Amino acid sequence: MTAALRYEWRRLWSIRSTYWLIGSTLAFQFFMSLIIAASVDAGDSDFSEGQLTSSVVSVGASIGSLPLFSAYIIAMLGVFSFGHEYRHGMIRATLTAVPNRGAVFTAKVLTTGILAAVLGIVCALLGLLNATMFLGDDADTGSSFVWKVILGLVVYTVLFGLFGLPVSEILRNQTGALALVLLFPSVIEGALHLLLVIPEGEDGINKVAKFLPFDAGGQMFARPLFADIDDIFGYVPLEPAEGGLVLGIFTLVLLALASTLFVKRDA
Amino acid sequence: MAVIESVGLSKTYGSKPAVVNLSFRVNPGSVTGFLGPNGAGKSTTMRLMVGLDNGSGTTTFDGMPFRRLTHPMRHVGVQLEAKPFHPTRKARNHLRMLAGANGIPDGRVDEVLGLVGLLSEAGHKPGKFSLGMGQRLGIAAALLGDPHTLILDEPANGLDPQGINWLRNLLKQLASEGRSIFVSSHLLSEMALLADQLVVIGRGQLITSGPIRDFITSSARTSVIVRTPDMSLLGPALAERGGHAIGTDDGSFSVTGIGQTEVGDVAHSVGARIHELRTREATLEEAFLDATGMAAEFVAHTPPHDAGQFGPPGAGYSGQPPGPWQPPGPAPWQPPGQDPYGPGGAR
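Residues numbered from 1 in each chain as written. Chains lettered and ligands numbered in written order. Predicted model: local features only at pLDDT ≥ 70, side-chain atom pairs only at ≥ 80, totals over all residues.

(A) Up close: the overall build of chain A. Helix and strand content of chain A: eleven helices and zero strands. Burial analysis of chain A (267 residues in total) assigns 45% to the buried set. (Helix = DSSP H or I, 4+ residues; strand = E, 2+ residues; numbered from the N terminus. Buried ≥ 20, exposed ≤ 12 C-beta atoms within 10 Å, placed from the backbone.)

(B) Fine view of the sheet that holds strand β3 (residues 30–35) of chain B. Residue and element names in this part refer to chain B. If you trace the six strands from one edge of the open sheet to the other, you get β6-β7-β8-β3-β9-β10, paired in mixed fashion. Strands at the two margins of the open sheet, each flanked by one partner only, are β6 (76–79) and β10 (205–211). Looking at each pair of strands side by side, their axes are set apart by 15° on average, direction ignored. The sheet contact formed by strand β9 (residues 197–202) and β10 spans six bridges and is antiparallel. When the bridges of β10 are listed, L198 appears paired with G210. Docked against the sheet, helix α1 (residues 42–49) engages β3, β7 (149–153), β8 (180–184) and β9, running at close to 145° with respect to β7. (Pairing = 2+ DSSP bridges. Axes fitted to C-alpha atoms, helices over the stretch in contact; angles between N-to-C directions. Contact = placed C-beta atoms within 7 Å.)

(C) Looking closely at the sheet that holds strand β5 (residues 64–65) of chain B. Residue and element names in this part refer to chain B. Ordered in space as β2-β1-β4-β5, the four strands form an open sheet in which the pairing is antiparallel. If you trace the sheet from one side to the other, it starts and ends with β2 (16–26) and β5, each paired once. Pairing analysis gives seven bridges linking strand β1 (residues 4–13) to β2, with the strands arranged antiparallel. Paired with S6 across the two strands is F24, which belongs to β2.

(D) Main features of the interface of chain A and chain B. If you look at the interface, chain A gives 23 residues, while chain B gives 26 residues. Looking at the side of chain A that touches chain B, the elements that each hand over two or more residues are α1 (2–12) and α5 (90–97) of chain A. Its residues placed into classes, the side of chain A that touches chain B shows eleven nonpolar, five polar and seven charged. (Nonpolar A, V, L, I, M, F, W, Y, C, P; charged D, E, K, R; others polar.)

(E) Examining the pairing of strand β4 (residues 56–61) of chain B more closely. Residues and elements named next belong to chain B. Alignment of β1 against β4, held across five bridges, turns out to be antiparallel. Paired with V7 across the two strands is T58, which belongs to β4. Here β4 runs beside β5; their pairing, made up of two bridges, is antiparallel. Looking across to β5, one finds that F61 is bridged to M64.

(F) Representation of the pairing of β9(B) within the structure. All names here are of chain B. Counting buried residues in β9 gives six out of six residues, a clear majority hidden from the surface. Every second residue of β9 is oriented toward a common face, with Q197, V199 and I201 on one face and L198, V200 and G202 on the other, all of them buried. Hairpin connection between β9 and β10: a loop of two residues separates the two successive antiparallel strands, and R203 in this loop has a positive phi of roughly 50°.

(G) Spotlight on helix α5 (residues 161–176) of chain B. All names here are of chain B. Over its 16 residues, α5 extends 22 Å from the first C-alpha to the last, a length consistent with the 22 Å expected when each residue adds 1.5 Å. I164, L167, L171, L174 and A175 are the residues of α5 that are buried. Each buried residue of α5 lies within a common arc of 100° when the element is viewed along its axis, so the set occupies one face. Looking at α5, the residues exposed on the side facing more than 90 degrees away from the buried face are P161, Q162, N169, Q173 and S176. Summarising the contacts, the buried residues of α5 are in contact with β3, β7, β8 and α6 (188–194). Once α5 finishes, G178 follows within two positions and takes phi at roughly 95°, a positive value. (Expected span 1.5 Å × (residues − 1). Arc of directions from axis to C-beta.)

(H) Focus on helix α6 (residues 101–135) of chain A. For α6(A), with 35 residues, the first-to-last C-alpha span of 50 Å sits near the 51 Å given by 1.5 Å per residue. Note on α6(A): the residue one or two positions beyond its end, G136(A), has a positive phi of about 60°.

(I) Spotlight on the packing of helix α2 (residues 91–101) of chain B against helix α3 (residues 107–115) of chain B. All names here are of chain B. Running from N to C, α2 and α3 point in directions that differ by 125°, and their axes come no closer than 9 Å. Taken together, the axes of α2 and α3 are oblique relative to one another. The crossing of α2 and α3 is right-handed. Across from A91, R92, L95, R96 and A99 in α2, the residues of α3 making contact are R108, V109, V112 and L113. In terms of residue class, the contact of α2 with α3 is built from six nonpolar, no polar and three charged. (Parallel < 35°, antiparallel > 145°, perpendicular 65-115°, else oblique. Left-handed = near helix turned anticlockwise from the far one by under 90°.)

(J) Spatial organisation of the nonpolar core. In this structure, Y156(A), L95(B), L98(B), A140(B), L144(B) and I151(B) are the most contacted members of the largest nonpolar core, which totals 142 residues. Ignoring sequence-local partners within four residues, the contact set of L98(B) consists of A97(A), M73(B), A141(B) and L144(B). Ranked by size, the runner-up nonpolar core spans 13 residues in total, among them L238(B), F253(B), V263(B) and A267(B). (Core = buried A, V, L, I, M, F, W, Y, C linked by C-beta atoms within 7 Å.)

(K) Quick peek at the environment of V98(A). Structurally, V98(A) is set in the loop between α5 and α6. Assessed through the 24 C-beta atoms surrounding it within 10 Å, V98(A) is described here as buried. Taking the C-alpha atoms as reference, V98(A) lies 42 Å from H193(A); in sequence the two are 95 residues apart. If near-sequence neighbours (up to four positions away) are discounted, V98(A) is found in contact with A3(A), A4(A), Y7(A), A103(A), V104(A) and A101(B).

(L) Examining the packing of α1(A) against α6(A) more closely. All names here are of chain A. Two elements in contact, α1 and α6, have axes whose closest approach is 8 Å; the angle formed by their N-to-C orientations is 50°. Here α6 runs oblique to α1, going by the angle between their axes. Both α1 and α6 take part in a crossing whose hand is right-handed. Residues A4, L5, Y7, E8, W9 and L12 of α1 form the contact with α6, whose own contacting residues are A103, V104, T106, A107, K108, L110 and T111. Split by residue class, the contact of α1 with α6 holds nine nonpolar, two polar and two charged.

See the structure below:
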């Protein structure tokens, strides 16, 4: 296991994509949260306690205005973890250096997960920094609401990052995996949501649509500011922990499938 | 020093068998050449040996399967493809990554880069490397752990003549140090210079294995050249002993089926005058073509009208056997000029 971790660690830090993905995640987070913090009206009564700060920290994702872009960038790290192996035939070099496939797979999960967690935390801290600088006393950094949202953001980011990994292993095609990982939470789930909600109404959303993994996982940090169309259909969202569990199980099932295939298939 | 022992290697892709119950042994202190026509299953065999492909059978290195080796690169160096690296990961970093996983000190990285002549490229991205430079980086990776065994798939591909010469000397030197070298190549003339032992496969099955010398001397194309004015005496006598004489262009005869000493004895017993008597050994290429002729996966057929244009039979190797080779058959001897496959004859 040590050998696999050491290999993965050096693999990660010896390609440019790692640096530009991390750099762009942090730069995006810093400047976007800065712009939002500098432009919001702290006196807006629509925001309840902590909501303003968490929307700065999440760059609008917590109030349902925008997707969590930083998680999308971090998910690419997960895709590249296996994608590079297959795209450049590195997998055979990897497995002759570390023949224990279980260890190789676990090392990738650990490095991707830990890196995503660290980045998620740093992103949250950058957001808090901007919130504190621009919102002054209105930045409720001590509010448990804010910290719950931050916890949700970090867990969601880790699970999203890990989602990229099995997809690229299963497909063994980096471009296809990248497209699927970026489109699934946004376009594909969105389309499924509409397909299920419009004809089926309340049943569609409460029995199926709210269990779509990224819809569900989003509940970990989403505290919508305004009622949306789902409310008309009697939408009862999952609790944050339930939503996290749904996304967690979804990711785990994919990881289990990918690890089985990784061990069974020819390299 | 490791013995490679492969037993019952088999692999099927769908319903198509790629490797069928293949067993062989590679001994330390030798370069063992791995030969087979395109699609014979050489690369699949090598992948099976190191556990990259899942099939049946076992391969052990001093009794240990590859997947169970701790720090495998310190035991078995493997190069299975021409460019097994990320195009933008610098050469030195690529090797450091492999070294890190195998408990090999980083200092060894520059050592092997120097050994393969790539030290000046250590800080460069291999995406722009030529095929030959890529091969050298692959060989550097294989040598990184100073392993007792090397498995190399077509390592000479893309190397220039100097590079091939360098590789040959390197592998021979490594073998002389008691290591086991298992190397595939389609460059038969190169293999003839490099290998001591051979494993020859066709359609995934073992055709032969053993010393390269035995393989060549046992080839049907190793023949005895006889020059005699008394073939009318000698021909039938040779045929009685299982010999098969065919006239060649320069008036001599090529005898297969019996050895030089026996031909001399037969000539003496029938009172035939002998002006020349020598053994012409088959080349490795001829022996290989003979051995694998029936086992080639992809056989190309030469258009009949092209067949004679390379020169008369016997005038040197032209992609066809020298002289009108025929399988041993009922007509053991044909005087020159009457050979239906001779120059000007129908093909």
